[in-house]
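Listed here are the chains, written in short residue letters.
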Amino acid sequence: MVIPILVFVGLLFIPIGLACYAASNKVFEVVYRYDTKCVPKNMLHNKVGYIQNASINKTCTINLKIPNAMKRPIFIYYQLDRFYQNHRRYATSFNIAQLSDPKEEANADIKDCKPEAYAAKGIPVVPCGLVAWSLFNDTYSFARRPRRAGGIGGVEALRVIKSGISWRSERERLFGKHVYPKNFQNGSLVGGGRLDPRKPLSEQEELMVWMRTAAMPRFRKLYGRVEADLDAGETVAVAVRNSYNSYSFEGGKAVVLSTAGPLGGRNAFLGRAYLVTGMACLVLALLLTLVCLFFPMTEEHLRLR
Amino acid sequence: MQRFVYINDESCRDSYRDNRVSNTKYTLWNFLPKNLLEQFRRFMNQYFLLIACLQLWPTITPVSPATTWGPLAIIFIVSASKEAWDDYNRYLSDKKVNERRIWVVKDGIRRQIKARGIHVGNIVWLHENDEIPCDLVLIGTSDPQGICYVETAALDGETDLKTRIIPSICADLSSEQLGKIKGVVECPNPDNDIRRFDANMRLFPPIIDNEKCPLTINNTLLQSCYLRYTEWACGVAIYTGNETKSGMSRGTAEPKLTAADSMIDKLTVAIFIFQIAVVLLLGLAGNIWKDSHGCKLWYLMYPAERPWYDFLVIPLRFELLCSIMIPISIKVTLDLAKGVYAKFIDCDDQMFDPETNTPAHSANTAISEDLGQVEYILSDKTGTLTENRMIFRRCYISGVLYGDKTGDALKDARLLNAVSSKDPDVVKFLMVMALCNTVVPIKSNDGTISYKAQSQDEEALVNAASNLNMLLTSKDSSGIAEICFNGSKFYYEVLDVLEFTSDRKRMSIVVKEVKSGKFLLLTKGADEAIFPRSCPGEQTKTYLEAVEMYSHLGLRTLCLGCRDLEEDEYKEWSKKFQDASCSLDNREHKIAEVCNSLEQGIHILGITAIEDRLQDGVPETIKLLRKAGINVWMLTGDKQTTAIQIGLLCNLITPESKGQLLSINGKTEDDILQSLERALTIMKTALERKDLAFVLDGWALEIILKRSLESFTKLAMMSRTAICCRMTPLQKAQLVGILKSSGSLTLAIGDGGNDVRMIQEANVGVGISGREGLQAARAADYSIGKFKFLRRLILVHGRYSYNRTAFISQYSFYKSLLICFIQILFSFSSGLSGTSIFNSISLMAYNVFYTSLPVMTIIFDKDISEATVLRYPQILLYSQAGRLLNRSTFAEWFGRSLYHAFVVFLITINAYADEKSDMEELSMVALSGCIWLQAFVVTLDTNSFTCPQITLIWGNFVAFYMINLILSAVPTLQMHTVMWHLCNQPSYWITMALIVAAGMGPVLALRYLRNVYRPSAIDVLQQIEQTDGHAQAPGNLESSTGTYLDYLLTDLRRNKSSIHQPLLSDSASSR
């Protein structure tokens, strides 16, 4: 029974693995890590000082070479490295009731949000907690330089659509239509990005994306999408407004352009794992067969058959 | 220490307790604290309480405290209410006993009071068939000779009636005087010795002599016995309530813990230690990480000032995170499973006894696994192995073997012819059968005659004689016995009774034929006691052969003889006999000597053979059980010879050529110890093939226990069989205790009140609801109708229960460890901060719903069919040696859970990396991975697939998705819509398949290799079942399989002692 099962699994898994692999290979992505690149050479010894100095203009432009043609929609992600959104002190530091319902807002028990629960004089912060407080606030703007036949062509801005990046359930239920940011980032210590207090939370999609905490210290979050096809060899210029402090914990920041396949982004893992498992099953089946051929069962045992 | 009982004296009624009998464990007031205390004696409960308390601290708890408090409360309430219910039932039965109406005489007036109102010193008046309410000293009976009969079965299990006699100074008291009697009884303080009562009594004026009169056990009526064949009797209460001899020997039943349970407890402790180590390591690492990295993470806002207990927070978080390593559900699951095993036993049609209409019943639902691990069976004899019904089967008279064709002499035409033709030898033989006894014939109103006898053998003989037209019609008080043979009446005057003692092994009576005036000595006894005293020249050889033949058939033989006496000779002897009877010192010896002088030159008339029929299926059952590696001991109150005969008959011991019976006895203490040492040496040096057994009696045991317990224990551990005769109930329990303390698992089976203590003492007590009443069955953990059902109880139910519990318990640890290892692995990527990858709902539901249901399928699982188990009983050795639940099997499960945790975790985080790295999704993927894997693990280890099993395993799957899809619809939960998203992603399903394949592949391959190269005995039998299909295996194959199994199991057999070595040392240290 066992050997046929192994063979069957092996034979089943290898084609699936190949299919996954192919699916993943059809997805193209461009990753550019800019956290160090965007710090001027003279400030490299004091990156934290650089990022915390409000008086410096921290815009930097990077050029991304597109190796393969990318079909629309192209998703733009920011990727953080060594950022522990899953840390216990962090991951639980929000209040779900406060986000959805303006009635709950006043009397919600926001103890869990400490130390970002109350502003001065005990007024609750909306949205409270460390997660919201540390909202990612680097911004990107994109421009394409299509490769023309002769030399450098003009610059054409790419519009980044930033709506629809969150889940519908988040927009409609979890984040209330009548809840507005209050006292947010008003403390002495400013964490990450600020929110427009005139916009209800249900429209603050970047907050929603950020607040769906990541499970691993390296993660990507959707920044927006571009509804345009990019050609192979063309260059995309990204103007990064670098303001998020990843330097104090030596974390990495990167911008990612990626298309999407049926299995999501480019991830060779499933395909490889399937191939390996399938092969392993076949090899195991072969080994077991060989072992049984060369070292037959004990005599007493055979007599029973 | 003495107690003085003043008869009929109200002034001292309060110096001793009243007659309230109480078997309850709790009172209304102490129930809660006592029960809680008892429950918290278990390590697991203490642990859960600690965890539950820690969870109340919100800073450290990863999940809501309800996850522990809820189940904990349920567990406690369930076990407390079970205890309360049991105790309430005990209270009710006590109440029934206490409220019984009893006649008591006070100041000469008879009154009826409640049994509990009897005080020490009261005079209790009993009527025929009354149960005796407390221990009494007999002072009067309706019988002019001051005799009454009691049935002591409830106390010592002996069914014959016992004669009790009033003390000499109370003789000749009229019933009016009895009511007003005053006096004092000086007796020892309450004890549990039902064979001894050394006291004396003095009566006060006006009733006369101030002389001390000695009292013995023969002057007492003990609690829970019954008064029989006596119109009335009265006695003075001396011990009351729980202080009576039966109350003192009752003892309280301790709750029993199975060997599997204690193994689980041990594993729990091991896991606990492992958990502490993990927690300390992770806690330390977590603190270091916090100081070196955590402080740099501005988004965590670690305060500069930290409280003093800060260094404790992370370790305690990990402690709570890892607390699920010890599954709280294991107790509930196991209790539930055990309840189902018990129901299986209750509902087993094949253990239903149609004769007595009794099904098997398990009163104790908690110890079924122990049945599968039994090493010693200690069985009572009478009523348990035998039917406890003596029947006259055969006889040998003057050269003719009657009944050897039909098996029943009463139907043998030759004997019937001889009776009708008045063959003188046969007539004489029948006359001895009818007369030579102490049977009392009782004529009922409708003219039928019934016999009451002290010994069942005598009753059988008299009944047989009456069936052969030799009717003992009456015996009057003057000693004239009337016999009716073929319608004509004969009268004999019984002059003397030369009583039976176990030393003499014979009894005789001297009668005078009224018609002719001839004197006759009629005698019956064991062959070895009669033959040497026969007339010179008598041909004893043929008789010997007959005796031998009969005992090979397992019949109890008696040799009958007679002798004509000259009148002078008798007169002379009679005087000597009178003297001896009156002598004050060494009376017994003197009487024996005098009797011996008369019992010479006996003319042998023939041999009777009585059958105490074995219950049906007993020899086969014992053979099977012994083949299964169980040591069977017989503990009986009966005589040694009978015990040995029954032992031979029911395959307990093998006859001389192949077996050897080592007898441990002797006249003096030193003799006994010497023979013990001798037996030990023989046992040590004997060949393995020879079947050795030892025999000892109660007296020898008493001395051995006092002087040489250690070598006896050694002997007991080596001996597969033993026959212990003349055991008191206490000694039976002591033997069980000895075996138990040496680490063996014992099962005691019996049917009478005398077995109650041993049944309670043994790991498993089985009662036979038999002819001796229901006392044993009530005290027992299991009650069955017949001994033969023990085979199914042990081999089928016990074995399955053990296997199932072994799986369920280890599986429970596996699934908890699996989820716990994932948490630990996750903590390495969450900055060692103690974040739980799973949310509270998932964690709680994982233990309660997702994983408890599929494991329930194992309750219905049968690794090999019942028929196969019964055909190859040696497979029991496997569970007996604890092969399915021990450290190495547990290590296997541990490794498996570690491997599976890696598989689930690594695949999940890699498949759900980068933009998919969402906490809620990832946690749900990992959880589904666990559910998938464990469903396959259960499927792999299930051997029989029945409808409920498939429903439970795969239905659980459906339930998992249903629950999570529904939970995903709740907007206030963080996992809102997560499951919907996942189910729509092809990559989710692809990931699940990958987890299952990667997790199960190596497990399958390893199992295959082991099946082929190192098959366990169970694997072999499974293969046989598969290849055989339904066809019966041919005989030679079966035997070769048997040998192969034996070969596989020899290791177990040989290592058995070493396997139990750790158990042994552990049990010693735990005490």
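The rules behind the values
- Residues numbered from 1 in each chain as written.
- Chains lettered and ligands numbered in written order.
- Predicted model: local features only at pLDDT ≥ 70, side-chain atom pairs only at ≥ 80, totals over all residues.
- Heavy atoms only, no water.
- Contact = heavy atoms within 4.5 Å.
- Buried area = accessible area lost by both parts, 1.4 Å probe.
- Polar contact = N/O pair within 3.5 Å; in protein donor to acceptor, adjacent residues only side chain to side chain.
- Helix = DSSP H or I, 4+ residues; strand = E, 2+ residues; numbered from the N terminus.
- Nonpolar A, V, L, I, M, F, W, Y, C, P; charged D, E, K, R; others polar.
- Buried < 20%, exposed > 50% of the residue type's maximum accessible area, 1.4 Å probe, protein only.
- UniProt positions renumbered as here; feature names shortened; annotations may be inferred.
- Axes fitted to C-alpha atoms, helices over the stretch in contact; angles between N-to-C directions.
- Parallel < 35°, antiparallel > 145°, perpendicular 65-115°, else oblique.
- Left-handed = near helix turned anticlockwise from the far one by under 90°.
- Salt bridge = Lys/Arg side-chain N within 4 Å of Asp/Glu carboxyl O.
- Disulfide = S-S within 2.5 Å.
- Core = buried A, V, L, I, M, F, W, Y, C linked by side-chain atoms within 4.5 Å.
- Domains from an automatic or database assignment.
- Phe/Tyr/Trp six-rings, centres within 6.5 Å; stacked < 30°, edge-to-face > 60°.
- Lys NZ or Arg CZ within 6 Å of the ring centre and 35° of its normal.
- Patch = residues over 30% accessible without salt bridge, like charges linked within 9 Å, V, L, I, M, F, W, Y side chains within 5 Å.
- Areas by Shrake-Rupley, 256 points an atom, 1.4 Å probe, with all protein chains shown as cover.
- Lys, Arg positive; Asp, Glu negative; His and termini not counted.
- Charge placed at Lys NZ, Arg CZ, Asp CG, Glu CD.
- Pairing = 2+ DSSP bridges.

### Focus on the interface of chain A and chain B
Phase 1 of the analysis: Listed as interface residues are 65 residues of chain A and, on the opposing side, 70 residues of chain B.
Phase 2 of the analysis: Interface area, chain A with chain B, both sides summed: about 5,800 Å², of which 67% is carbon and sulfur.
Phase 3 of the analysis: Counting across the interface, chain A meets chain B through 23 residue pairs in polar contact (both at pLDDT 80 or more).
Phase 4 of the analysis: Every element with two or more residues in the side of chain A that touches chain B is listed here: α1 (2-25), α3 (88-91), α6 (130-133), α7 (168-174), β7 (219-226), α9 (269-294) and α10 (299-304) of chain A.
Phase 5 of the analysis: It is α9(A) that contributes the most residues to the side of chain A that touches chain B, nine residues altogether.
Phase 6 of the analysis: The class makeup of the residues in the side of chain A that touches chain B is 39 nonpolar, 15 polar and eleven charged.

### Observations regarding the side chain of B:Ser897
All names here are of chain B.
Phase 1 of the analysis: The topology assignment puts Ser897 in helix α31 (residues 887-911).
Phase 2 of the analysis: For Ser897, a relative accessible area of 0% puts it in the buried group.
Phase 3 of the analysis: The contacts of Ser897, once residues within four sequence positions are left out, are Tyr814, Leu817, Leu818 and Phe821.

### Concerning the UniProt feature "domain: P-type ATPase N-terminal" (unreviewed entry) in chain B
Phase 1 of the analysis: When the UniProt feature table is mapped to this numbering, "domain: P-type ATPase N-terminal" (unreviewed entry) covers residues 5-69 of chain B.
Phase 2 of the analysis: Helix makes up 38% of residues 5-69 of chain B and strand 5%, and the two end C-alpha atoms of the span are 56 Å apart.

### Section: the packing of helix α26 (residues 789-829) of chain B against α31(B)
Each pair of packed helices can be described by the angle between their axes along with the distance between the axes.
All names here are of chain B.
Phase 1 of the analysis: In contact at an axis separation of 8 Å, α26 and α31 are set at 40° when each is read in the N-to-C sense. Relative to α31, the element α26 lies oblique. The two elements α26 and α31 meet at a crossing, and its hand is right-handed. Each of Phe807, Gln810, Tyr811, Phe813, Tyr814, Leu817, Leu818, Phe821, Ile822, Leu825, Phe826 and Ser829 in α26 lies in contact with α31, whose residues at this interface are Thr889, Phe890, Trp893, Phe894, Arg896, Ser897, Leu898, His900, Ala901, Phe902, Val904 and Phe905.
Phase 2 of the analysis: Here the contact of α26 with α31 is built from residues that sort into 18 nonpolar, five polar and one charged.

### Focus on the pattern of salt bridges
Phase 1 of the analysis: Here the structure, examined in full by the defined rule, presents 51 salt bridges over all chains.
Phase 2 of the analysis: Notably, a salt bridge pairs B:Glu569 with B:Arg563, separated by 2.5 Å at the nearest N-O pair.
Phase 3 of the analysis: Across the pair B:Arg1010 and B:Glu892 runs a salt bridge, and its minimum N-O distance is 3.2 Å. You can see B:Arg1010 sitting in helix α35 (residues 986-1013) and its partner B:Glu892 sitting in helix α31, a full 118 residues away along the chain.
Phase 4 of the analysis: Look at B:Arg1010 and you get partly exposed, because its relative accessible area is 40%.
Phase 5 of the analysis: We classify B:Glu892 as partly exposed; its relative accessible area is 43%.
Phase 6 of the analysis: Put simply, A:Glu29, A:Arg218, A:Arg220 and B:Asp914 are held in one network by salt bridges that share partners.

### Considerations on the state of the cysteines
Residues and elements named next belong to chain A.
Phase 1 of the analysis: Under the defined criterion, the tally for this structure stands at two disulfides over all chains.
Phase 2 of the analysis: Bridging Cys113 to Cys128, the disulfide has an S-S length of 1.9 Å. Placement of Cys113 in the loop between α5 (102-107) and α6 and of Cys128 in the loop between α5 and α6 is noted, with a sequence separation of 15 residues between them.
Phase 3 of the analysis: Residue class for Cys113 comes out buried when judged on its relative accessible area of 0%.
Phase 4 of the analysis: Here the bonded cysteines of chain A are numbered in sequence order, and their pairing is 1-2, 3-4.

### Looking at the nonpolar core
Phase 1 of the analysis: In terms of nonpolar packing, the biggest core is built from 187 residues, with A:Phe83, A:Tyr140, A:Phe142, A:Trp210, A:Leu257, B:Tyr299 and B:Ile822 touching the most fellow members.
Phase 2 of the analysis: For this core, the leading source of residues is α26(B), giving 16 residues.
Phase 3 of the analysis: Filtering out sequence-adjacent residues up to four positions away, A:Leu257 remains in contact with A:Phe28, A:Glu29, A:Val30, A:Leu64, A:Ile66, A:Met70, A:Ile74, A:Phe75, A:Ile76, A:Phe142 and A:Leu230.
Phase 4 of the analysis: Membership of the second largest hydrophobic core comes to 52 residues, among which are B:Ile644, B:Leu652, B:Val695 and B:Leu1021.

### Description of the domain arrangement of chain B
Phase 1 of the analysis: Each assigned domain of chain B is listed with its residue range as follows: domain 1 (118-250), domain 2 (329-343 + 803-1020), domain 3 (352-385 + 614-794) and domain 4 (393-613).
Phase 2 of the analysis: Using only C-alpha atoms to locate each centre, domain 1 of chain B and domain 3 of chain B end up separated by 34 Å.

### Some remarks on the packing of aromatic side chains
Phase 1 of the analysis: For the structure on display, the rule yields 58 aromatic pairs over all chains.
Phase 2 of the analysis: Here B:Phe807 and B:Tyr811 contribute two aromatic rings whose centre-to-centre distance is 5.7 Å and whose plane-to-plane angle is 15°, an arrangement assigned as stacked. Placement of both B:Phe807 and B:Tyr811 in helix α26 is noted, with a separation of four residues, approximately one turn of the helix.
Phase 3 of the analysis: The exposure class assigned to B:Phe807 is buried, which follows from its relative accessible area of 10%.
Phase 4 of the analysis: The ring centre of A:Tyr50 lies 6.0 Å from the NZ or CZ of A:Lys58, which sits over that ring.
Phase 5 of the analysis: Its guanidinium or amino end placed over the ring of B:Trp893, B:Arg896 lies 4.6 Å from that ring's centre, counting from NZ or CZ.

### Overview of a negative patch on the surface
Residues and elements named next belong to chain B.
Phase 1 of the analysis: A cluster of acidic residues, Asp564, Glu566, Asp568 and Glu572, forms a negative patch at the surface.
Phase 2 of the analysis: In this structure, Asp568 sits in helix α16 (residues 567-582).
Phase 3 of the analysis: Judged by its relative accessible area of 63%, Asp568 falls in the exposed class.

### Brief notes about the sheet that holds strand β32 (residues 764-768) of chain B
All names here are of chain B.
Phase 1 of the analysis: Taken in spatial order, the nine strands line up as β14-β33-β32-β31-β15-β27-β30-β29-β28 in an open sheet, and their pairing is mixed. In the strand order of this sheet, the two ends are held by β14 (361-362) and β28 (659-664), each with one partner.
Phase 2 of the analysis: Inspection of the sheet shows β32 paired to strand β33 (residues 782-784) by three bridges, in the parallel sense. The residue of β33 that forms the bridge with Ile768 is Ile784.
Phase 3 of the analysis: Of the strands in this sheet, β28 and β29 (691-697) are in contact with helix α20 (residues 669-685), which crosses β28 at around 155°.

### A closer look at the pairing of β7(A)
Residue and element names in this part refer to chain A.
Phase 1 of the analysis: With seven of eight residues buried, β7 lies mostly within the body of the structure.
Phase 2 of the analysis: Bridge analysis of strand β3 (residues 74-80) against β7 gives seven bridges, and the strand direction is antiparallel. Bridge pairing links Phe75 to Arg225 in β7.
Phase 3 of the analysis: Where strand β6 (residues 160-161) and β7 come together, two bridges link them in antiparallel fashion.

### Focus: the pairing of strand β1 (residues 2-7) of chain B
All names here are of chain B.
Phase 1 of the analysis: With burial as the criterion, only one face of β1 is covered, namely that bearing Arg3, Val5 and Ile7; the residues Gln2, Phe4 and Tyr6 on the opposite face remain uncovered.
Phase 2 of the analysis: Here β1 runs beside strand β8 (residues 183-188); their pairing, made up of six bridges, is antiparallel. Bridged to Phe4 within β8 is Glu186.

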